[in-house]
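# Survey of secondary and tertiary structure
Each chain, letter by letter, is given below.
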Amino acid sequence: MTAELHEELTDPHAEQLDHGGASSQPLKSRISEPQPRGAKIRGNRPVDQSEAANRFMAATEHEAMHDARLWDLRQKRDKEMHGIEEWEELRDLASGIKEHTLSKLDYYLELFEKNATANGIKVHWAKDGAEHNAIVLEILRSKGVELLIKSKSMLTEECGFREFMAHNNVEVIETDLGERIQQLDDEAPSHVVVPAVHKLRTDVASVFAKTIGSDPDNADARYLTECQREATRPLILSAQAGMTGGNFVVAETGTFVVCTNEGNADLSANTPPLHIASIGIEKLIPGLNELPVFIRLLSRSALGSPITQYTSHFRGPREGGEMHVVLVDNGRSERLGMEKFWPGLKCIRCGACMNTCPVFRRSGGLSYGATYAGPIGLIIDPTFNVHKYRNLPYSSTMNGSCTNVCPVKINIHEQIADWRKTLAGEGEISPVKKVMMKAAGEVLASPMVYRASLPLGRSALRHLPHFMLYNKLNTWGRKRDVPETPKQTFNEWYRKNRKSQVEGEKS
(Lines give C-alpha, C1' and ligand atoms only; values in the text may rest on other atoms or scores of the structure.)
Protein backbone atom coordinates (compact mmCIF):
# COMPACT_ATOMS: atom_id res chain seq x y z
CA MET A 1 0.00 0.00 0.00
CA THR A 2 1.33 3.45 -0.90
CA ALA A 3 0.01 6.59 0.74
CA GLU A 4 0.28 9.88 -1.13
CA LEU A 5 0.84 12.50 1.50
CA HIS A 6 -0.93 15.80 1.11
CA GLU A 7 1.48 18.58 0.17
CA GLU A 8 1.12 20.47 3.44
CA LEU A 9 2.04 17.36 5.39
CA THR A 10 5.41 17.08 3.68
CA ASP A 11 6.42 20.73 4.17
CA PRO A 12 9.08 20.86 6.92
CA HIS A 13 8.59 24.63 7.24
CA ALA A 14 4.84 24.48 7.87
CA GLU A 15 3.75 26.53 10.87
CA GLN A 16 3.31 24.46 14.04
CA LEU A 17 0.96 25.25 16.91
CA ASP A 18 2.63 25.87 20.27
CA HIS A 19 0.37 23.63 22.31
CA GLY A 20 -0.85 20.07 22.54
CA GLY A 21 1.20 17.55 20.64
CA ALA A 22 2.33 20.04 17.99
CA SER A 23 5.22 21.52 19.97
CA SER A 24 6.54 18.19 21.23
CA GLN A 25 9.88 16.99 19.97
CA PRO A 26 9.77 13.60 18.19
CA LEU A 27 11.05 10.79 20.38
CA LYS A 28 13.17 8.38 18.35
CA SER A 29 14.12 5.01 19.76
CA ARG A 30 17.75 3.91 19.49
CA ILE A 31 16.90 0.25 19.13
CA SER A 32 13.95 -1.74 17.91
CA GLU A 33 12.51 -3.58 20.89
CA PRO A 34 9.20 -5.46 20.92
CA GLN A 35 6.30 -3.71 22.60
CA PRO A 36 5.50 -5.19 26.03
CA ARG A 37 1.93 -6.43 26.34
CA GLY A 38 -0.45 -5.65 29.18
CA ALA A 39 -1.47 -7.41 32.37
CA LYS A 40 -2.31 -11.10 32.17
CA ILE A 41 -6.02 -11.52 32.79
CA ARG A 42 -6.97 -14.81 34.44
CA GLY A 43 -10.73 -14.71 34.89
CA ASN A 44 -11.68 -13.18 38.23
CA ARG A 45 -8.26 -13.62 39.80
CA PRO A 46 -6.69 -10.39 41.13
CA VAL A 47 -4.78 -8.50 38.45
CA ASP A 48 -1.03 -8.48 39.07
CA GLN A 49 -0.21 -4.93 38.06
CA SER A 50 3.29 -5.19 39.46
CA GLU A 51 4.22 -8.11 37.19
CA ALA A 52 3.00 -6.30 34.07
CA ALA A 53 4.68 -3.06 35.18
CA ASN A 54 8.01 -4.84 35.58
CA ARG A 55 7.77 -6.14 32.01
CA PHE A 56 6.99 -2.65 30.72
CA MET A 57 9.90 -1.10 32.58
CA ALA A 58 12.22 -3.82 31.28
CA ALA A 59 11.47 -2.48 27.78
CA THR A 60 13.62 0.58 28.42
CA GLU A 61 12.86 2.41 25.17
CA HIS A 62 9.12 2.13 25.71
CA GLU A 63 9.36 3.09 29.35
CA ALA A 64 11.52 6.15 28.64
CA MET A 65 9.31 7.32 25.75
CA HIS A 66 6.12 6.85 27.77
CA ASP A 67 7.47 8.75 30.75
CA ALA A 68 8.79 11.61 28.59
CA ARG A 69 5.64 11.97 26.49
CA LEU A 70 3.26 12.11 29.45
CA TRP A 71 5.49 14.44 31.45
CA ASP A 72 5.51 16.68 28.37
CA LEU A 73 1.71 16.82 28.54
CA ARG A 74 1.87 17.60 32.25
CA GLN A 75 4.25 20.52 31.60
CA LYS A 76 1.98 21.88 28.86
CA ARG A 77 -0.95 21.64 31.25
CA ASP A 78 0.99 23.70 33.82
CA LYS A 79 1.83 26.35 31.22
CA GLU A 80 -1.85 26.74 30.32
CA MET A 81 -2.86 26.76 33.98
CA HIS A 82 -0.49 29.62 34.81
CA GLY A 83 -1.90 31.56 31.85
CA ILE A 84 -5.36 31.75 33.47
CA GLU A 85 -5.53 33.89 36.58
CA GLU A 86 -8.85 32.39 37.67
CA TRP A 87 -7.74 28.74 37.25
CA GLU A 88 -8.42 27.72 40.86
CA GLU A 89 -11.78 29.47 40.78
CA LEU A 90 -12.66 27.46 37.67
CA ARG A 91 -11.73 24.23 39.48
CA ASP A 92 -13.88 25.21 42.45
CA LEU A 93 -16.78 26.04 40.15
CA ALA A 94 -16.47 22.78 38.21
CA SER A 95 -16.30 20.73 41.39
CA GLY A 96 -19.32 22.51 42.86
CA ILE A 97 -21.36 22.11 39.67
CA LYS A 98 -20.64 18.39 39.57
CA GLU A 99 -21.47 17.93 43.24
CA HIS A 100 -24.74 19.81 42.82
CA THR A 101 -25.73 17.80 39.75
CA LEU A 102 -24.86 14.46 41.34
CA SER A 103 -26.87 15.37 44.45
CA LYS A 104 -29.94 15.91 42.22
CA LEU A 105 -29.09 13.39 39.53
CA ASP A 106 -32.58 11.89 39.29
CA TYR A 107 -34.08 15.33 38.62
CA TYR A 108 -31.56 16.28 35.93
CA LEU A 109 -31.78 12.89 34.21
CA GLU A 110 -35.55 13.22 33.90
CA LEU A 111 -35.19 16.81 32.71
CA PHE A 112 -32.73 15.75 30.03
CA GLU A 113 -34.98 12.93 28.86
CA LYS A 114 -37.94 15.30 28.59
CA ASN A 115 -36.06 17.94 26.62
CA ALA A 116 -34.14 15.47 24.45
CA THR A 117 -37.37 13.71 23.51
CA ALA A 118 -38.86 17.06 22.56
CA ASN A 119 -35.83 17.56 20.28
CA GLY A 120 -36.56 14.32 18.46
CA ILE A 121 -33.99 12.16 20.25
CA LYS A 122 -34.99 8.66 21.32
CA VAL A 123 -33.73 8.11 24.88
CA HIS A 124 -32.98 4.64 26.28
CA TRP A 125 -31.96 3.55 29.78
CA ALA A 126 -29.45 0.76 30.46
CA LYS A 127 -28.77 -0.59 33.95
CA ASP A 128 -25.46 -2.22 32.95
CA GLY A 129 -23.13 -2.98 30.06
CA ALA A 130 -25.05 -6.05 28.92
CA GLU A 131 -28.29 -4.09 28.66
CA HIS A 132 -26.52 -1.27 26.83
CA ASN A 133 -25.16 -3.71 24.25
CA ALA A 134 -28.54 -5.38 23.81
CA ILE A 135 -30.30 -2.03 23.27
CA VAL A 136 -27.78 -0.93 20.65
CA LEU A 137 -27.93 -4.29 18.87
CA GLU A 138 -31.71 -4.09 18.70
CA ILE A 139 -31.51 -0.61 17.14
CA LEU A 140 -28.93 -1.78 14.60
CA ARG A 141 -30.86 -4.90 13.66
CA SER A 142 -34.04 -2.90 13.16
CA LYS A 143 -32.15 -0.89 10.52
CA GLY A 144 -30.25 -3.82 9.00
CA VAL A 145 -26.88 -2.36 10.05
CA GLU A 146 -23.79 -4.52 9.50
CA LEU A 147 -21.10 -1.80 9.66
CA LEU A 148 -20.90 0.81 12.42
CA ILE A 149 -18.29 3.53 12.86
CA LYS A 150 -17.61 5.00 16.29
CA SER A 151 -15.53 7.66 17.96
CA LYS A 152 -13.57 7.16 21.16
CA SER A 153 -15.69 6.12 24.14
CA MET A 154 -14.44 4.72 27.43
CA LEU A 155 -18.00 3.74 28.32
CA THR A 156 -18.20 1.31 25.42
CA GLU A 157 -14.87 -0.14 26.57
CA GLU A 158 -16.51 -0.69 29.97
CA CYS A 159 -19.34 -2.56 28.28
CA GLY A 160 -17.17 -4.79 26.08
CA PHE A 161 -19.09 -3.34 23.14
CA ARG A 162 -16.84 -4.25 20.21
CA GLU A 163 -16.45 -7.87 21.28
CA PHE A 164 -20.21 -8.19 21.74
CA MET A 165 -20.92 -6.75 18.32
CA ALA A 166 -18.33 -9.01 16.67
CA HIS A 167 -20.16 -12.04 18.09
CA ASN A 168 -23.36 -10.70 16.58
CA ASN A 169 -21.95 -10.09 13.10
CA VAL A 170 -21.75 -6.29 13.31
CA GLU A 171 -18.40 -4.81 12.31
CA VAL A 172 -17.29 -1.84 14.40
CA ILE A 173 -14.64 0.56 13.06
CA GLU A 174 -12.91 3.02 15.39
CA THR A 175 -12.45 6.47 13.81
CA ASP A 176 -10.11 7.92 16.46
CA LEU A 177 -6.52 7.32 15.29
CA GLY A 178 -5.26 6.05 18.63
CA GLU A 179 -8.28 3.81 19.14
CA ARG A 180 -7.93 2.48 15.58
CA ILE A 181 -4.28 1.60 16.23
CA GLN A 182 -5.30 -0.26 19.37
CA GLN A 183 -8.18 -1.99 17.60
CA LEU A 184 -5.92 -3.21 14.79
CA ASP A 185 -3.43 -4.47 17.39
CA ASP A 186 -6.19 -6.18 19.40
CA GLU A 187 -5.42 -4.15 22.51
CA ALA A 188 -7.49 -1.99 24.84
CA PRO A 189 -6.69 1.74 25.09
CA SER A 190 -3.92 2.46 27.57
CA HIS A 191 -4.97 6.05 28.35
CA VAL A 192 -8.35 7.81 28.40
CA VAL A 193 -7.21 10.57 26.01
CA VAL A 194 -4.22 9.18 24.09
CA PRO A 195 -5.07 5.48 23.71
CA ALA A 196 -1.84 4.37 22.00
CA VAL A 197 0.62 6.57 23.90
CA HIS A 198 2.55 3.49 25.08
CA LYS A 199 3.54 2.58 21.50
CA LEU A 200 6.66 3.64 19.64
CA ARG A 201 6.23 4.70 16.02
CA THR A 202 7.97 1.48 15.03
CA ASP A 203 5.22 -0.43 16.86
CA VAL A 204 2.57 1.40 14.86
CA ALA A 205 4.45 0.78 11.61
CA SER A 206 4.51 -2.93 12.40
CA VAL A 207 0.79 -3.04 13.23
CA PHE A 208 -0.18 -1.13 10.07
CA ALA A 209 2.07 -3.27 7.87
CA LYS A 210 0.30 -6.41 9.11
CA THR A 211 -3.25 -5.03 8.94
CA ILE A 212 -3.50 -2.38 6.22
CA GLY A 213 -0.44 -3.11 4.10
CA SER A 214 1.75 -0.08 4.76
CA ASP A 215 5.54 -0.08 4.46
CA PRO A 216 6.91 -1.86 7.57
CA ASP A 217 10.17 0.12 7.34
CA ASN A 218 8.52 3.56 7.23
CA ALA A 219 7.79 4.82 10.73
CA ASP A 220 7.18 8.46 9.79
CA ALA A 221 4.17 9.65 11.79
CA ARG A 222 2.64 11.61 8.90
CA TYR A 223 3.02 8.69 6.51
CA LEU A 224 1.39 6.30 8.99
CA THR A 225 -1.48 8.69 9.66
CA GLU A 226 -2.18 9.10 5.96
CA CYS A 227 -2.08 5.32 5.43
CA GLN A 228 -4.68 4.86 8.14
CA ARG A 229 -6.83 7.62 6.67
CA GLU A 230 -6.79 6.07 3.21
CA ALA A 231 -7.65 2.64 4.61
CA THR A 232 -10.44 3.83 6.91
CA ARG A 233 -12.24 6.56 4.93
CA PRO A 234 -13.95 4.10 2.53
CA LEU A 235 -15.32 2.24 5.56
CA ILE A 236 -16.56 5.48 7.08
CA LEU A 237 -18.34 6.46 3.88
CA SER A 238 -20.05 3.08 3.57
CA ALA A 239 -21.15 2.72 7.21
CA GLN A 240 -24.86 2.51 7.95
CA ALA A 241 -24.64 3.80 11.55
CA GLY A 242 -22.36 5.89 13.70
CA MET A 243 -21.72 5.98 17.44
CA THR A 244 -20.24 8.58 19.75
CA GLY A 245 -19.91 9.07 23.45
CA GLY A 246 -20.67 12.33 25.20
CA ASN A 247 -18.39 14.54 27.28
CA PHE A 248 -21.12 16.74 28.70
CA VAL A 249 -24.90 16.30 28.73
CA VAL A 250 -26.94 19.50 29.15
CA ALA A 251 -30.17 18.83 31.00
CA GLU A 252 -31.97 22.15 30.33
CA THR A 253 -31.61 21.87 26.54
CA GLY A 254 -31.71 18.10 26.06
CA THR A 255 -28.40 18.27 24.15
CA PHE A 256 -24.94 16.78 24.51
CA VAL A 257 -21.41 17.85 23.63
CA VAL A 258 -18.54 15.77 22.25
CA CYS A 259 -14.96 17.08 22.31
CA THR A 260 -12.32 15.69 19.92
CA ASN A 261 -9.10 16.82 18.27
CA GLU A 262 -9.53 14.87 15.03
CA GLY A 263 -13.16 15.52 14.13
CA ASN A 264 -13.84 11.80 14.32
CA ALA A 265 -17.00 12.29 16.37
CA ASP A 266 -18.41 14.51 13.62
CA LEU A 267 -17.62 11.86 11.03
CA SER A 268 -19.27 9.15 13.13
CA ALA A 269 -22.32 11.25 13.91
CA ASN A 270 -22.97 12.91 10.56
CA THR A 271 -21.82 10.57 7.81
CA PRO A 272 -24.36 7.74 8.35
CA PRO A 273 -28.09 8.41 8.75
CA LEU A 274 -28.26 6.76 12.19
CA HIS A 275 -26.43 8.26 15.21
CA ILE A 276 -26.28 6.45 18.57
CA ALA A 277 -24.68 8.13 21.60
CA SER A 278 -23.70 5.99 24.58
CA ILE A 279 -23.36 8.16 27.67
CA GLY A 280 -22.79 7.49 31.38
CA ILE A 281 -25.41 9.03 33.65
CA GLU A 282 -22.74 11.00 35.56
CA LYS A 283 -22.02 13.22 32.52
CA LEU A 284 -24.99 15.52 33.28
CA ILE A 285 -24.60 19.23 33.94
CA PRO A 286 -27.56 21.56 34.62
CA GLY A 287 -27.41 24.05 31.73
CA LEU A 288 -25.47 25.90 29.05
CA ASN A 289 -24.26 28.50 31.56
CA GLU A 290 -22.19 25.80 33.27
CA LEU A 291 -20.76 24.30 30.08
CA PRO A 292 -17.99 26.89 29.43
CA VAL A 293 -16.42 26.13 32.82
CA PHE A 294 -15.73 22.54 31.75
CA ILE A 295 -14.76 23.42 28.18
CA ARG A 296 -12.04 25.73 29.51
CA LEU A 297 -10.72 23.05 31.85
CA LEU A 298 -10.91 19.89 29.76
CA SER A 299 -8.31 20.22 27.00
CA ARG A 300 -5.96 22.34 29.08
CA SER A 301 -5.89 19.59 31.70
CA ALA A 302 -5.66 16.75 29.17
CA LEU A 303 -3.23 17.95 26.52
CA GLY A 304 -2.11 21.41 27.51
CA SER A 305 -4.02 23.00 24.64
CA PRO A 306 -6.42 25.94 25.15
CA ILE A 307 -9.39 24.14 23.61
CA THR A 308 -10.21 20.97 21.74
CA GLN A 309 -10.13 21.32 17.96
CA TYR A 310 -13.75 20.23 17.69
CA THR A 311 -16.37 20.99 20.35
CA SER A 312 -19.50 19.55 18.74
CA HIS A 313 -23.02 20.19 20.02
CA PHE A 314 -25.71 17.63 19.16
CA ARG A 315 -29.32 18.72 19.58
CA GLY A 316 -31.31 16.21 17.56
CA PRO A 317 -31.42 14.16 14.37
CA ARG A 318 -30.88 15.87 11.05
CA GLU A 319 -33.67 15.78 8.48
CA GLY A 320 -34.23 12.21 7.36
CA GLY A 321 -31.92 10.86 10.07
CA GLU A 322 -32.36 9.24 13.45
CA MET A 323 -30.66 9.86 16.79
CA HIS A 324 -30.64 7.66 19.91
CA VAL A 325 -29.09 8.32 23.32
CA VAL A 326 -28.44 5.38 25.64
CA LEU A 327 -28.00 6.52 29.24
CA VAL A 328 -25.95 3.90 31.09
CA ASP A 329 -25.72 3.25 34.82
CA ASN A 330 -23.34 0.27 35.03
CA GLY A 331 -22.67 0.65 38.76
CA ARG A 332 -22.78 4.43 38.92
CA SER A 333 -25.90 4.61 41.10
CA GLU A 334 -24.31 2.21 43.55
CA ARG A 335 -21.11 4.26 43.58
CA LEU A 336 -23.15 7.40 44.20
CA GLY A 337 -24.27 5.83 47.48
CA MET A 338 -20.70 5.16 48.66
CA GLU A 339 -19.87 7.75 51.30
CA LYS A 340 -16.14 7.86 50.60
CA PHE A 341 -16.01 7.06 46.88
CA TRP A 342 -18.87 8.94 45.19
CA PRO A 343 -16.66 11.98 44.29
CA GLY A 344 -15.04 9.80 41.63
CA LEU A 345 -18.21 10.36 39.60
CA LYS A 346 -17.12 13.98 39.07
CA CYS A 347 -14.37 12.79 36.71
CA ILE A 348 -14.42 14.39 33.22
CA ARG A 349 -11.94 11.85 31.76
CA CYS A 350 -9.15 14.35 31.06
CA GLY A 351 -6.32 12.01 32.07
CA ALA A 352 -4.38 14.73 33.92
CA CYS A 353 -3.91 12.45 36.92
CA MET A 354 -2.35 9.82 34.62
CA ASN A 355 0.04 12.33 33.04
CA THR A 356 1.44 13.36 36.41
CA CYS A 357 1.50 9.97 38.16
CA PRO A 358 5.05 8.55 38.44
CA VAL A 359 3.71 4.99 38.66
CA PHE A 360 1.53 5.29 35.56
CA ARG A 361 4.20 7.07 33.53
CA ARG A 362 6.71 4.30 34.16
CA SER A 363 4.47 1.24 34.12
CA GLY A 364 2.14 1.87 31.16
CA GLY A 365 -1.64 1.94 31.23
CA LEU A 366 -2.13 -1.66 30.08
CA SER A 367 -0.35 -2.96 33.19
CA TYR A 368 -3.49 -2.16 35.24
CA GLY A 369 -5.57 -4.74 33.38
CA ALA A 370 -8.70 -2.58 33.59
CA THR A 371 -10.68 -0.10 31.50
CA TYR A 372 -9.48 2.79 33.66
CA ALA A 373 -5.79 2.97 34.54
CA GLY A 374 -3.71 5.36 36.61
CA PRO A 375 -4.89 7.16 39.75
CA ILE A 376 -8.52 7.53 38.64
CA GLY A 377 -8.57 3.81 37.84
CA LEU A 378 -7.37 2.96 41.34
CA ILE A 379 -10.54 4.44 42.82
CA ILE A 380 -13.01 3.50 40.07
CA ASP A 381 -12.04 -0.06 39.16
CA PRO A 382 -12.69 -1.65 42.60
CA THR A 383 -16.28 -0.40 42.38
CA PHE A 384 -16.73 -2.68 39.35
CA ASN A 385 -15.04 -5.73 40.89
CA VAL A 386 -13.48 -5.39 44.32
CA HIS A 387 -11.76 -8.79 44.22
CA LYS A 388 -10.28 -8.58 40.72
CA TYR A 389 -8.89 -5.08 41.22
CA ARG A 390 -7.89 -5.34 44.87
CA ASN A 391 -4.19 -4.85 44.13
CA LEU A 392 -4.59 -1.61 42.18
CA PRO A 393 -4.94 0.85 45.11
CA TYR A 394 -1.43 -0.19 46.16
CA SER A 395 0.00 0.97 42.79
CA SER A 396 0.54 4.50 44.07
CA THR A 397 3.22 6.49 45.89
CA MET A 398 0.49 8.57 47.58
CA ASN A 399 2.29 11.80 46.61
CA GLY A 400 -0.98 13.70 46.02
CA SER A 401 -0.04 15.11 42.62
CA CYS A 402 -3.12 13.49 41.06
CA THR A 403 -5.40 15.44 43.38
CA ASN A 404 -3.49 18.67 42.74
CA VAL A 405 -4.00 18.52 38.96
CA CYS A 406 -7.59 17.21 38.90
CA PRO A 407 -9.74 19.91 37.25
CA VAL A 408 -12.81 18.94 39.29
CA LYS A 409 -10.87 18.57 42.56
CA ILE A 410 -11.48 14.87 43.22
CA ASN A 411 -9.58 13.88 46.37
CA ILE A 412 -7.93 11.00 44.51
CA HIS A 413 -5.02 10.20 46.84
CA GLU A 414 -7.30 10.25 49.89
CA GLN A 415 -9.67 7.83 48.19
CA ILE A 416 -6.76 5.54 47.33
CA ALA A 417 -5.89 5.45 51.04
CA ASP A 418 -9.54 4.80 51.90
CA TRP A 419 -9.66 1.91 49.41
CA ARG A 420 -6.65 0.36 51.14
CA LYS A 421 -8.49 0.53 54.47
CA THR A 422 -11.68 -0.83 52.89
CA LEU A 423 -9.88 -3.72 51.21
CA ALA A 424 -8.10 -4.65 54.43
CA GLY A 425 -11.40 -4.55 56.32
CA GLU A 426 -13.03 -6.84 53.78
CA GLY A 427 -10.11 -9.28 53.76
CA GLU A 428 -9.28 -8.38 50.14
CA ILE A 429 -5.53 -8.31 50.55
CA SER A 430 -2.92 -10.84 49.48
CA PRO A 431 -1.85 -13.55 51.96
CA VAL A 432 1.65 -12.03 52.18
CA LYS A 433 0.27 -8.58 52.99
CA LYS A 434 -2.14 -10.11 55.49
CA VAL A 435 0.67 -11.83 57.43
CA MET A 436 2.88 -8.75 57.33
CA MET A 437 0.11 -6.37 58.43
CA LYS A 438 -0.92 -8.66 61.27
CA ALA A 439 2.66 -8.84 62.52
CA ALA A 440 3.08 -5.08 62.19
CA GLY A 441 -0.19 -4.54 64.04
CA GLU A 442 0.96 -6.68 66.98
CA VAL A 443 4.23 -4.78 67.23
CA LEU A 444 2.78 -1.29 66.82
CA ALA A 445 -0.05 -1.96 69.29
CA SER A 446 2.40 -2.27 72.20
CA PRO A 447 4.95 0.52 72.89
CA MET A 448 7.00 -1.90 74.98
CA VAL A 449 7.17 -4.53 72.20
CA TYR A 450 7.86 -1.83 69.59
CA ARG A 451 10.82 -0.37 71.49
CA ALA A 452 12.22 -3.79 72.24
CA SER A 453 11.98 -4.81 68.57
CA LEU A 454 13.97 -1.86 67.23
CA PRO A 455 17.42 -2.93 68.47
CA LEU A 456 16.72 -6.50 67.37
CA GLY A 457 15.65 -5.35 63.92
CA ARG A 458 18.67 -3.06 63.61
CA SER A 459 21.03 -5.87 64.55
CA ALA A 460 19.34 -8.26 62.12
CA LEU A 461 19.65 -5.81 59.21
CA ARG A 462 23.35 -5.36 59.94
CA HIS A 463 24.38 -8.98 60.36
CA LEU A 464 21.97 -11.28 58.51
CA PRO A 465 23.29 -12.72 55.21
CA HIS A 466 22.10 -11.25 51.93
CA PHE A 467 19.83 -14.15 50.96
CA MET A 468 17.85 -13.84 54.20
CA LEU A 469 17.29 -10.09 53.83
CA TYR A 470 16.44 -10.10 50.13
CA ASN A 471 13.66 -12.68 50.01
CA LYS A 472 10.15 -12.81 48.53
CA LEU A 473 8.66 -11.08 51.57
CA ASN A 474 10.96 -8.07 51.16
CA THR A 475 9.16 -6.21 48.39
CA TRP A 476 11.26 -3.08 49.05
CA GLY A 477 14.45 -4.99 48.28
CA ARG A 478 13.28 -6.23 44.89
CA LYS A 479 14.26 -3.02 43.13
CA ARG A 480 16.50 -1.23 45.63
CA ASP A 481 18.91 -1.80 48.50
CA VAL A 482 17.62 -1.83 52.06
CA PRO A 483 18.56 1.53 53.67
CA GLU A 484 21.54 1.60 55.99
CA THR A 485 20.39 1.26 59.58
CA PRO A 486 20.89 4.28 61.88
CA LYS A 487 23.22 3.96 64.87
CA GLN A 488 20.42 4.80 67.29
CA THR A 489 16.67 5.30 67.28
CA PHE A 490 15.07 8.67 67.94
CA ASN A 491 13.92 7.41 71.35
CA GLU A 492 17.50 6.47 72.26
CA TRP A 493 18.79 9.83 71.05
CA TYR A 494 16.09 11.66 73.01
CA ARG A 495 16.83 9.82 76.25
CA LYS A 496 20.53 10.59 75.90
CA ASN A 497 20.32 14.24 74.83
CA ARG A 498 17.04 15.79 75.93
CA LYS A 499 15.14 13.81 78.56
CA SER A 500 17.01 15.12 81.62
CA GLN A 501 16.84 18.68 80.25
CA VAL A 502 13.05 18.52 79.74
CA GLU A 503 12.47 16.95 83.17
CA GLY A 504 14.60 19.66 84.77
CA GLU A 505 12.56 22.44 83.11
CA LYS A 506 9.33 20.84 84.35
CA SER A 507 10.55 20.68 87.95
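Residues numbered from 1 in each chain as written. Predicted model: local features only at pLDDT ≥ 70, side-chain atom pairs only at ≥ 80, totals over all residues. Heavy atoms only, no water.

An unreviewed UniProt entry annotates the protein chain as 4Fe-4S ferredoxin originating from Gluconobacter kanchanaburiensis NBRC 103587.

## Concerning the pattern of salt bridges
Rules: By salt bridge we mean one thing: a side-chain nitrogen of Lys or Arg within 4 Å of a carboxyl oxygen of Asp or Glu. Numbering goes from the N terminus for both helices and strands, where a helix is a DSSP run of H or I of at least four residues and a strand is a run of E of at least two. Exposure classes here rest on a 1.4 Å probe applied to the protein chains alone. A residue is buried below 20% of its type maximum, exposed above 50%, and partly exposed in between.
What the rule picks out here adds up to 26 salt bridges. Of the charged contacts, one joins R55 and E51 as a salt bridge, the two residues approaching to 2.7 Å between their closest N and O atoms. Here R55 and its partner E51 are both found in helix 1 (residues 49-58), four residues apart, which amounts to about one turn of the helix. Exposure remark for R55: the relative accessible area of 26% places this residue in the partly exposed category. On the basis of relative accessible area, E51 is assigned to the partly exposed category, the value being 25%. With its nearest N and O atoms 2.9 Å apart, the salt bridge here joins E88 to R91. With a gap of three residues between them, E88 and R91 both fall in helix 3 (residues 87-103), about one helical turn apart. Take R91: its relative accessible area is 5%, and that puts it in the buried class.

## Notes on unusual backbone geometry
Although it is not a glycine, N169 adopts a positive phi angle of roughly 65 degrees. Checked against the element boundaries, N169 lands in the loop between helix 7 (161-167) and strand 3 (171-174). Taking relative accessible area as the criterion, N169 reaches 66% and is therefore assigned exposed.

## Remarks on the pairing of strand 10 (residues 322-328)
This is how it is decided: At least two bridges found by DSSP between two strands is the condition for calling them paired.
Of all seven residues that make up strand 10, seven are buried, and the element is covered over most of its length. Side chains E322, H324, V326 and V328 project from strand 10 onto one buried face, and the interleaved M323, V325 and L327 project onto a second face that is buried too. In terms of strand pairing, strand 1 (residues 122-126) meets strand 10 through five bridges, oriented parallel. Pairing of V123 across the sheet is with V325, part of strand 10. One ladder, built from seven bridges, connects strand 7 (residues 274-280) with strand 10; its direction is parallel. The partner of A277 across the bridge, within strand 10, is V325.

## Some points on the sheet that holds strand 1
Strand pairing in a sheet relies on backbone hydrogen bonds, with the paired strands running either antiparallel or parallel. Stated formally: Interaxial angle, 0 to 180 degrees, is taken between N-to-C directions of lines fitted to C-alpha atoms, where a helix line uses only the stretch in contact.
Ordered by their spatial adjacency, six strands build an open sheet running 1-10-7-4-2-3, and the pairing between neighbours is parallel. Looking at which strands have only one partner, the edges of the open sheet turn out to be strand 1 and strand 3. Put simply, the sheet's adjacent strands are angled 25 degrees from each other on average, direction ignored. In the sheet, strand 2 (residues 147-150) pairs with strand 4 (residues 241-244) via three bridges, with the strands oriented parallel.

## A closer look at the side chain of T383
What counts, and what does not: What qualifies as a polar contact is a pair of N or O atoms within 3.5 Å, subject to a donor-acceptor requirement within protein and to the restriction that residues adjacent in sequence count only when both atoms come from side chains. Whether two residues are in contact is decided by their heavy atoms, any of which lying within 4.5 Å being enough.
Relative to the assigned elements, T383 resides in helix 16 (residues 374-384). Of the residues examined, T383 reaches a relative accessible area of 15% and is grouped as buried. At 3.3 Å, the side chain of T383 and the side chain of R335 are in polar contact. Setting aside its immediate chain neighbours within four residues, T383 contacts R335, M338 and W419.

## Describing the packing of helix 1 against helix 2 (residues 60-82)
Note the threshold: Reported orientations rely on four angle classes, namely roughly parallel under 35 degrees, roughly antiparallel over 145, roughly perpendicular from 65 to 115, and oblique for the rest. Ten residue types, Ala, Val, Leu, Ile, Met, Phe, Trp, Tyr, Cys and Pro, are classed as nonpolar, four, Asp, Glu, Lys and Arg, as charged, and the remainder, Gly among them, as polar.
Closest axis-to-axis distance for the helix 1/helix 2 pair is 5 Å, and the angle between their directions is 95 degrees. As judged from the angle between their axes, helix 1 and helix 2 are roughly perpendicular. Each of F56, M57 and A58 in helix 1 lies in contact with helix 2, whose residues at this interface are T60, H62, E63 and H66. Partitioned by chemical class, the residues of the contact of helix 1 with helix 2 number three nonpolar, three polar and one charged.

## Regarding the sheet that holds strand 9 (residues 310-314)
Judged by pairing direction, the sheet is mixed, and its four strands sit side by side in the order 8-5-6-9 without closing on themselves. Two strands in the sheet have a free side with no partner beyond their single neighbour: strand 8 (284-285) and strand 9. In this structure, strand 5 (residues 248-250) lies alongside strand 8, joined through two bridges in parallel fashion. Bridge pairing in strand 8 links V249 to L284.

## Some words on the packing of aromatic side chains
Operational definition: Here a Phe, Tyr or Trp ring, Trp counted by its six-membered ring, pairs with any other such ring whose centre lies within 6.5 Å, and the pair is stacked when the planes are under 30 degrees apart, edge-to-face when over 60, and tilted otherwise. Two conditions define a charge sitting above a ring: the NZ of Lys or the CZ of Arg must be within 6 Å of the ring centre, and it must be within 35 degrees of the ring normal.
One pass over the full model with this rule turns up eight aromatic pairs. Between the aromatic rings of F256 and F314, the centroid separation amounts to 5.4 Å while the plane-to-plane angle is 25 degrees, which identifies the pairing as stacked. Highlighted residues: F256 in strand 6 (residues 255-260) and F314 in strand 9, separated in sequence by 58 residues. Neither F256 nor F314 differs from the other in exposure class; each is buried. Taken together, the ring pairs in this structure connect F490, W493 and Y494 into an aromatic cluster. Cation over ring: K98 sits above F294, and NZ or CZ is 5.9 Å from the ring centre. Directly above the aromatic system of F384 lies the positively charged group of R335, at a separation of 5.4 Å from the ring centroid.

## With respect to the nonpolar core
What counts here: By convention a nonpolar core is built from buried Ala, Val, Leu, Ile, Met, Phe, Trp, Tyr and Cys residues, the set being connected through side-chain atoms within 4.5 Å.
F248, F294, I376, I379, I410 and I412 are the most contacted members of the largest nonpolar core, which has 57 residues in total. Among the elements that line this core, the one with the most residues is helix 12 (residues 291-303), at eight residues. Excluding residues that lie within four positions of it along the chain, I410 makes contacts with P343, G344, K346, C347, I376, I379, T403 and Q415. Counting residues in each nonpolar core, the second largest holds 23 residues, with L109, I279, L284 and F314 among its members.

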